[in-house]
Amino acid sequence: MFCEKCGNQLKATDKFCPKCGAVQSSKVVQDVTPKKAEMPVTCQNFVQNQQQSSAQNAQAQSFVQNQQQSSAQNAQAQSFVQNQQQSSAQNVQAQSFVQNQKQSSAQNAQAQSFVPNQQQSPAQNFAGNFNSQVSPKKTSKIFTKKNMLIGGVALGLVVVIAAGAITIPKIFTGGSGSKFEGVIYLKDHDLSINYKNKKESFQIEKLDEDYSDISATLSSDSKYLFYLDNYTLYRTDISKKKFDTPSEKISTSVSNYSINPNGTQAVILTTDRKLYTSDIKEKNKIDSQVSYFYTTENLDKIYYVSNDNNDLYYYENGKETTKIANDVNIKYISKDLSTIYYVSDDNLYFLKTGSEPQKLDLKLKDESSTSSSSSSTSSYSSYYESSYSSSLNDTFSYFKLYAVNDKTFFYLCPTEITLNIIDYIDDDMAETDKALTKPNYNDSKYKNNYSAYYKDCEEYDNKTYRDDLREKTITISTNKLFYFNGTSSVEISGNVESVYSIDTTDKPNAVSDKVAYFETDYSSVGKVVKMSDVTANVFSMSEGEITEKILPKYNLKYSSGNQGVEIASSDNISEYDAIQLSEDSKTLCYLYDDALYKTDISSDKVGEPVKTLDDIKSFTIQDNKIISLDKDDTLYLDDVKVADDAYNFNYIDGTLYYAQDVVSSSYTLMKFNGKESVKISDDVSLYNVIDDNNIYLLSDYNSNNYSGDLLRYNGKDTETIDTDVTYLYSVQQK
């Protein structure tokens, strides 16, 4: 992991670069060097992690966390380690070719897990991060019974199930072609394939190494399979079901690639930063020193960013490349590349493909400060904010758009407020202090009475300190929330601490037109200390101790662009463990004091929050269904109890899959169809769902030879497909 600003190597736990002080993105940009894949979170760790917070699973991250991330909601990063010095927004936002093939946000977020330490865990090799960078990784030779993964697979995606929930994408949704109905797996260096109605498996090719990530992509008609083996891109025809000829070699030294739906063309970024188009037989060089790129589904349009100056270029169908802007920081790009927001020259630009960039009139820096007399003020004075302010030359590197809809979006503008400390002190010494005057040593009352003089001097010093407090102010960093309506900005709130919105990536039915946020309010704080308790000696209450007691009220609100509507309020923001909006933007759910609440936000007249379940430790919303797990590991679908001792779950096409009877590295796989639970199989380590009645299972895993049995569930029974299987591959279909 490297600093996104200066390239300095960092520890996984570093929030700020010790060299330049830059706030670090939470996204892990991995080295492209092939490396042995380690196993994901062990079952034992998985059970221990059940007690951890679900806050990490909230789809909309808090603003402070977002200061360390830098991403547009629908765009993802396409870069490798040599590109560490580009801005964090570009590292996170760039929508890769593989991601343009309808990769879900769950993949890019490393399979959104409730386990906080999952993000840095080796589970990235198995979870949804498999194509956020396409460098090959060797499979591990430490597949032991103790650390074998708890896993699940959705439509070809091998996913680690952690404590809580993972959002499972529908991988095979692209185009009008046929959906691939099978599994691709690894057996003794053999890349193999099995079709759901076939007993026999076929060997596709012998791999150079046992890679756990081959960046496999299928054409929309399930005819061509593309994959990487030791940085070499291959294509093979899997429709013939005969693999008597070698796979076609397309290019060596491949870092990233994308294909068109029928698998007849590709765009390739090599490890030496050269960008090519390819008709499979020949390559055409577009440019050198390319950092990352974006492409449309059929590859007819390409935007890319240079590695040297972060310049933005546009390429279309063999025409000459056009330079768009210098030193860009891309904030949002739509999947069809029709809409782009980027920062250049300290301005935000809106770009429609085929049109000239339009500079937007946005106020991104607030020069004024708001007094404490305003109706509501905000708090967030912390190491994060102070480092954020001091380490950046401008706001734009960490500027983020929320709920983007073509020409409308929400955004935050950093600002400061000033509070008068005396407003929060009960000044019971005011009259006494007015009567105090500075002692005069020559006064007759002090003759031969030095102790009295010393005492009065001490009291006068205390009075002076209290007078200073009466004039003292404190400055607190906060944010203004704005809504840009296409032509101008409307201020929604002047004191926002955290913002939450829906990530619409690979969610075609999602509606992202609202944000939820925390507004902080100091006006109702009241008096936190008496002035008589404040003295100037070494045992006194310090100024810092006073300001620590000035704790605001936190109002949870949402906005659809016109104004903020209050949902709930609390004196302690830490009691809110998670906030999440449904995909249709009609429901907002959150945990408060270990209880799950939901609120109707379908109109400007917000509904009263309704407590649905108690003692909930984690939840997620998938397909507008609320799935939750309580502290006793009882699993619920909405408010319906599904099962006890359900340590994890995946919701796939209307069926809830979960694990029970976890023993070391294996578990019993169950499914719930809304009415009853059905056992699929015991001793499962991985599973791959084709449909409800066709599920591949990796079972009876042996730690001595690092392999297990590949089974197929047909809705009633299981049959053995192959033995000595090492790994099930994630596959993405155009």
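Here the structure is a predicted model, which means the values were calculated and not measured.

The rules behind each value
- Residues numbered from 1 in each chain as written.
- Predicted model: local features only at pLDDT ≥ 70, side-chain atom pairs only at ≥ 80, totals over all residues.
- Heavy atoms only, no water.
- Helix = DSSP H or I, 4+ residues; strand = E, 2+ residues; numbered from the N terminus.
- Buried < 20%, exposed > 50% of the residue type's maximum accessible area, 1.4 Å probe, protein only.
- Contact = heavy atoms within 4.5 Å.
- Areas by Shrake-Rupley, 256 points an atom, 1.4 Å probe, with all protein chains shown as cover.
- Phe/Tyr/Trp six-rings, centres within 6.5 Å; stacked < 30°, edge-to-face > 60°.
- Pairing = 2+ DSSP bridges.
- Axes fitted to C-alpha atoms, helices over the stretch in contact; angles between N-to-C directions.
- Patch = residues over 30% accessible without salt bridge, like charges linked within 9 Å, V, L, I, M, F, W, Y side chains within 5 Å.
- Salt bridge = Lys/Arg side-chain N within 4 Å of Asp/Glu carboxyl O.
- Core = buried A, V, L, I, M, F, W, Y, C linked by side-chain atoms within 4.5 Å.

## Looking at the overall build of the chain
Check the secondary structure of the chain and you find 9 helices and 53 strands. Looking at the chain as a whole, 58% of its 734 residues are labelled buried. Considering only contacts in the chain between residues 6 or more positions apart, those separated by 24 or more positions represent 57%. Accessible surface computed for the chain: about 28600 Å², of which carbon and sulfur atoms make up 42%.

## Notes on the packing of aromatic side chains
As enumerated under the stated definition, the model contains 28 aromatic pairs in all. Ring geometry for Tyr411 versus Phe482: centroids 5.2 Å apart, planes at 15 degrees, classification stacked. Of this pair, Tyr411 sits in strand 28 (residues 408-420) while Phe482 is found in strand 30 (residues 473-484), placing the two residues 71 residues apart along the sequence. Accessibility expressed as a relative area gives 0% for Tyr411, which makes it buried. Given a relative accessible area of 8%, Phe482 falls into the buried group.

## Here we look at the sheet that holds strand 40 (residues 610-613)
Pairing is antiparallel across the open sheet formed by 4 strands, whose spatial order is 37-38-39-40. Only two strands of the sheet have a single neighbouring strand rather than two, namely strand 37 (576-581) and strand 40. Here the average twist between neighbouring strands, direction ignored, is 25 degrees. Direction of pairing for strand 39 (residues 595-600) relative to strand 40: antiparallel, over a ladder of 3 bridges.

## Focus: the sheet that holds strand 22 (residues 329-333)
The sheet built from 4 strands is open, its strands ordered 22-23-24-25 with antiparallel pairing. Edge positions in the sheet fall to strand 22 and strand 25 (358-359), since each of these pairs with one other strand and no more. Bridge analysis of strand 24 (residues 347-352) against strand 25 gives 2 bridges, and the strand direction is antiparallel. Bridging from a neighbouring strand, Phe350 pairs with Gln358 of strand 25.

## Digging into a nonpolar patch on the surface
There is a patch of nonpolar side chains on the surface, built from Tyr441, Tyr450 and Tyr454 and spanning about 400 Å² of accessible area. One can find Tyr450 in helix 8 (residues 450-471). We classify Tyr450 as exposed; its relative accessible area is 52%.

## Quick notes on the pairing of strand 15 (residues 266-270)
Among the 5 residues that make up strand 15, 5 are buried, leaving the element largely enclosed by the rest of the structure. Here strand 15 shows a buried face lined by Ala266, Ile268 and Thr270 and a second buried face lined by Val267 and Leu269. Bridge count between strand 14 (residues 254-259) and strand 15: 5 bridges; the pairing is antiparallel. The residue of strand 15 that forms the bridge with Val254 is Thr270.

## Things to note about the nonpolar core
Grouped together as the largest cluster of nonpolar side chains are 20 residues, with contacts concentrated most on Ile184, Leu191, Ile193, Leu225, Ile238 and Tyr729. Mapped onto this core, the elements with two or more residues apiece are strand 6 (182-187), strand 7 (190-195), strand 8 (201-206), strand 10 (216-218) and strand 11 (224-229). The element that contributes the greatest number of residues to this core is strand 7, accounting for 3 residues. Setting aside residues no more than four positions away along its own chain, Ile184 makes contact with Leu191, Ser192, Ile193, Leu225, Leu728, Tyr729 and Val731. Counting residues in hydrophobic clusters, the runner-up holds 19 residues, among them Tyr558, Ile567, Ile579 and Leu588.

Remember that the coordinates give geometry; whether it matters functionally is a separate question.
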